[in-house]
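These are the residues of each chain, in order.
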Amino acid sequence: MITGGSNKLGPDQRAAALSALARQELQVLVVGGGVVGAGTALDAVTRGLSTGLVEARDFASGTSSRSSKLIHGGLRYLEQLDIGLVREALTERALLLQRIAPHLIKPVSFLFPFTHYGWERAYIGAGVSMYDLLGVARGQVRGLPVHRQLTRSRALRLAPALRKSALTGALLYWDAQVDDARYVVDLVRTASAYGARVASRTQVTGFLREGERVTGVRAVDLESGTELLIRAQQVVNATGVWTDEIQAMVGGRGSINVRASKGIHLVVPRDRIQSHTGIILRTPTSVLFVIPWGRHWIIGTTDTAWALSKAHPAASRTDIDYILGQINKVLAVPLTHDDVEGVYAGLRPLLAGESDSTSKLSREHTVAHPVPGLVMIAGGKYTTYRLMAMDAVDAVAHGLDGKVAPSCTDLVPLAGADGFPALWNSRAALAKSSGLHVARIEHLLRRYGTLIGEVLALIAADPSLARPIKGAEDYLRVEVVYAVTHEGARHLNDVLTRRTHISIETWDRGVSAADEVAELMAGPMKWRAKQVARELENYRVEIAAERKSQEADTDTDADAIRLGAPEIVPVLSNGLAPAPGPGGSRPGDAGPASGAPGPGAPSPGRRGARAGEGGPGD
Ligand SMILES: Cc1cc2nc3c(=O)[nH]c(=O)nc-3n(C[C@H](O)[C@H](O)[C@H](O)COP(=O)(O)OP(=O)(O)OC[C@H]3O[C@@H](n4cnc5c(N)ncnc54)[C@H](O)[C@@H]3O)c2cc1C
């Protein structure tokens, strides 16, 4: 077993992890640093297995930072009579909320307006009563209040933004919400603390084989272009919507088919919708959530088939109009495009079934072994990632010699979770001792939990870090430095989009804050002026392309515009050749890389497939 782990994910840790991954054979290597891959790495390492995790881009940069950010059973699935699925998810909700990550997950209430008299109240009321009942998890208290029926006037007092004629009454129920991107980073940090070797910007490009058996992977450190051979007794493919591509690297037909379904969200300022609670609305095909998010609302989502760029799904004007149209059906003062601060789009990894409608495809997960030494895990949803991880590692255990301990992640709080309630209760004292306002301490506690001491220590060493970031005043300068030294952020976008959410929470999408953020990153990243300029240019071009894509009417046009912005660290297309630039993108391409690859890009000479190793052409 590999020991000596640390939860500090800085540049030095990444270098050490890559060198260890290249040197020693692992028992388990996980491919994909979304919530499922990070959860799988934590499950494996806490069973005592030597574990590695590689992610081609930034941690959580795929679907796992682009969700509705709800930890929920899904009322919708109850209507589809998926009782087992709902119960399982609600059990997880209680566990995550109370034990595993109380700092990152918090209760959120939703108002469900009725539009009919009589039967709807009885029908929905019965469904939500069952939801509440299923939420009483084994051995846990629910941790959330039970639902309440409301008259129309009571509902309007809670949500004055609603048009009086839009409802006949309502129901108020409780679920939970999560900072999805930060949760993944905490999962990765926790896995690393238990000894897992983790590296972002490291792409798997093929498999090592002994006959049919997979014995490891061929990977490229995309920052340096160095090729690595990582040997592992079992490899787990946890690449979400990229599952089929990895599967293709072992040749033959896929044993799991994953289809992508696009969902977009709008971010609007809190004052645009007067409400003391979140709201859930029925739409013709699904539901629409209005979710409180700090000083903002997140509104979503859509559900449409997507076969274009997987790394950068683009929201079109049609998507945005759809959401505005749905929400405006119930608002007294309608929202317009001018109210939209931020937009993001993500792809659901759905297990492909018979149905043509993506909203009817399965949200359940599946585990497969296409060949010995390789386990595939796909489907599911964020809320049930821990169960997916457990099933994946159970499958791994079958392929390992010797007995493997059962999963214990239900007993493993994430980095920052242990002791959180007590520290939360001491926030006034913390404010006093640190000199920060209690509101800032609450903000830091909700993001770093009990690791807040590490953040405050950076401020103690350099008090200028206690200042807010200009143009993104909700965040402190220290959060940028900490993101690089402790949270694995390596590029400007990692900080502006995932360690913070400045890119969707500011009117200029982080452009004015970018200079200060890049300067703060430059020290710990050892960037010279040229790299700072490159990061800034890349971010601005990306934001401009994103904005422009959101004016396009069709997915195809929006995708082509979005792909015009190059990636700061281009991924390799299907592991063999640089991805095509604008105009040359194919449906399902691994990612866009327009123009010349950056200085750190791998050279073609280091990418040739070798005999005996799997690859797309094998
Ligand atoms: C719009 C939307 C809303 C949602 N809302 C909710 C919600 O509210 N609650 C909920 O429970 N679920 C929700 N979900 C579902 C949930 O977000 C996903 O099921 C989950 O995030 C998928 O995680 P993942 O780890 O499988 O995939 P990902 O997060 O996409 O991770 C896969 C990773 O693999 C990496 N990768 C790919 N190829 C390679 C390679 N060759 N080498 C190395 N790495 C590679 C990718 O870069 C990526 O980071 C939502 C999904 C969407 C799209």
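Rules and cut-offs
Position numbers for residues start from 1 in each chain and track the written sequence from start to end. Residues qualify for local features only when their pLDDT is at least 70, as the model is predicted, and side-chain atom pairs are given and counted only at 80 or more; totals for whole chains, interfaces and linings, by contrast, use all residues. To get the side-chain values, take all heavy atoms of the structure and skip hydrogens and water. For each residue, the test is whether any non-hydrogen atom lies within 4 Å of the molecule or strand; if one does, the residue is near. Any pair of N or O atoms that falls within 3.5 Å is considered a polar contact. Within protein, one atom must be able to donate a hydrogen and the other to accept it, and sequence-neighbouring residues count only if both atoms are side-chain atoms. All accessible areas in this document rest on Shrake-Rupley with a 1.4 Å probe, and a residue is counted as covered only by the protein chains that are shown. Secondary structure counts use DSSP, requiring at least four H or I residues in a row for a helix and at least two E residues in a row for a strand, with both numbered from the N terminus. Just so you know the grouping, Ala, Val, Leu, Ile, Met, Phe, Trp, Tyr, Cys and Pro go in nonpolar, Asp, Glu, Lys and Arg go in charged, and all remaining residues, Gly too, go in polar. Residue exposure (1.4 Å probe, protein chains only): buried if accessible area is under 20% of the type maximum, exposed if over 50%, otherwise partly exposed. Each salt bridge in this description consists of a side-chain nitrogen of Lys or Arg and a carboxyl oxygen of Asp or Glu lying within 4 Å of one another. The predictor reports its confidence for every residue as pLDDT, a score running from 0 up to 100. Residue contacts are counted whenever heavy atoms from the two residues lie within 4.5 Å of one another. Aromatic rings from Phe, Tyr and Trp, with only the six-membered ring used for Trp, were paired whenever their centres fell within 6.5 Å, and each pair was classed as stacked if the ring planes differed by under 30 degrees, edge-to-face if by over 60, and tilted otherwise. Remark: nonpolar core denotes a set of buried residues (Ala, Val, Leu, Ile, Met, Phe, Trp, Tyr, Cys) joined through side-chain atoms within 4.5 Å. Lines fitted to the C-alpha atoms define the axes, with helices restricted to the stretch that makes contact. Angles between their N-to-C directions range from 0 to 180 degrees. Each helix crossing is assigned a hand: it is left-handed if the near helix lies turned anticlockwise from the far helix by less than a right angle, otherwise right-handed if that turn is clockwise. For two strands to pair, DSSP has to find at least two bridges joining them.

Peer 1: Looking at this structure, how should I read the site of the ligand?
Peer 2: Within the structure, the ligand sits among 38 residues, and E55, R57, S64, L70 and T383 are positioned closest to it. One nitrogen or oxygen atom from the side chain of T383 is found 2.7 Å from an oxygen atom belonging to the ligand. Summarising the interface, the protein chains cover 96% of the accessible area of the ligand, which totals 1,000 Å² for the free molecule. Contributions of two or more residues to the shell around the ligand are made by α2 (35-45), β8 (202-210), β11 (258-269) and β16 (342-351). If one sorts the elements of the shell around the ligand by residue count, β16 sits on top with four residues. For the shell around the ligand, the class distribution of residues is 13 nonpolar, 19 polar and six charged.

Peer 1: Would you mind showing me how to read the side chain of R447 here?
Peer 2: Residue position: R447 is located in helix α13 (residues 438-448). With relative accessibility at 7%, the residue R447 sits in the buried group. A polar contact is formed between the side chain of R447 and the side chain of Y448, at a distance of 3.3 Å.

Peer 1: Help me out: how do you make sense of the pattern of salt bridges in this one?
Peer 2: For side chains bearing opposite charge, pairing can occur when the charged atoms are close. Counted according to the given criterion, the structure contains 27 salt bridges. A salt bridge links E487 to R182; the nearest nitrogen and oxygen atoms lie 2.5 Å apart. Taken together, the residues span a long stretch of sequence, with E487 in the loop between α15 (477-486) and α16 (492-499) and R182 in helix α7 (residues 180-193) at a distance of 305 residues. Residue R562 pairs with E542 through a salt bridge whose shortest N-O separation is 3.8 Å.

Peer 1: Explain the confidence of the model for the chain to me, please; I cannot follow it from the model alone.
Peer 2: Low pLDDT marks stretches whose predicted atomic positions should not be read closely. When pLDDT is averaged along the chain, the result is 89; 89% of the residues meet or exceed 70. Confidence over residues 354-362 falls short of pLDDT 50; this stretch has 22 contacts with residues more than four positions distant or in other chains. Ignoring residues within four places in sequence, the model shows residues 575-618, a span with pLDDT below 50, making 109 contacts including any to other chains.

Peer 1: Sorry, what's going on with the packing of aromatic side chains here?
Peer 2: Any pair of aromatic rings gets described here by the distance separating the centres and the angle formed by the planes. By the definition in use, this model includes nine aromatic pairs. For the ring pair F110 and Y173, a centre distance of 5.9 Å and an interplane angle of 35 degrees mean the geometry is tilted. Residue F110 is located in strand β4 (residues 105-114), and its partner Y173 is located in strand β6 (residues 169-178); the two are separated by 63 residues in the primary sequence. Given a relative accessible area of 0%, F110 falls into the buried group. For the pair Y131 and Y173, a centre-to-centre distance of 5.9 Å together with 90 degrees between the ring planes defines the contact as edge-to-face.

Peer 1: I tried to follow the nonpolar core on my own but got confused; where do I start?
Peer 2: It is characteristic of soluble globular proteins that their nonpolar side chains tend to be buried jointly. Counting 48 residues, the largest nonpolar core has V35, I105, Y183, V184, L187, V188 and V236 as the members making the most contacts within it. Among the secondary structure elements, those contributing two or more residues to this core are β1 (26-31), α2, α4 (83-100), β6, α7, β18 (374-379) and α10 (385-399). Not counting the four nearest positions on each side in its chain, V188 is found in contact with L9, A38, L53, F59 and V198. Membership of the second largest hydrophobic core comes to 44 residues, among which are Y448, I452, L465 and V481.

Peer 1: Any chance you could explain the packing of α16 against helix α18 (residues 511-525) here in plain terms?
Peer 2: A pair of packed helices can be characterised by two numbers: the angle between their axes and the separation between those axes. Packing of α16 against α18 leaves a shortest axis separation of 9 Å and a crossing angle of 115 degrees. Pair α16 / α18 crosses with right-handed handedness. Contacts between α16 and α18 involve L492, V495 and L496 from the first element and A514, V517, A518 and M521 from the second. Classifying every residue of the contact of α16 with α18 gives seven nonpolar, no polar and no charged.

Peer 1: Would you explain unusual backbone geometry in this entry?
Peer 2: Note: most residues except glycine have negative phi, and most peptide bonds are trans. In this structure, the amide linkage connecting G300 to the following residue, T301, adopts the cis form with an omega of 20 degrees. Tracing the chain through its elements places T301 in the loop between β14 (296-300) and β15 (304-305). Phi at A60 is positive, roughly 70 degrees, even though this residue is not glycine. For A60, the location among the structural elements is in the loop between β2 (51-54) and β3 (70-71). A positive phi is found at K69, a non-glycine position, where the angle reads about 65 degrees. Looking at the secondary structure, you find K69 in the loop between β2 and β3.

Peer 1: Honestly, the pairing of β14 in this entry has me stumped. Any pointers?
Peer 2: Within a regular strand, side chains alternate between the sheet's two faces. Summarising burial for β14: five of the five residues are buried, a large majority. Two elements, β11 and β14, share five bridges in a ladder whose sense is antiparallel. Paired with V267 across the two strands is I298, which belongs to β14. With five bridges joining them, strand β13 (residues 287-293) and β14 adopt antiparallel strand pairing. Bridge pairing links W293 to H296 in β14. Hairpin connection from β13 to β14: two residues lie between these consecutive antiparallel strands, with G294 at a positive phi of about 55 degrees.

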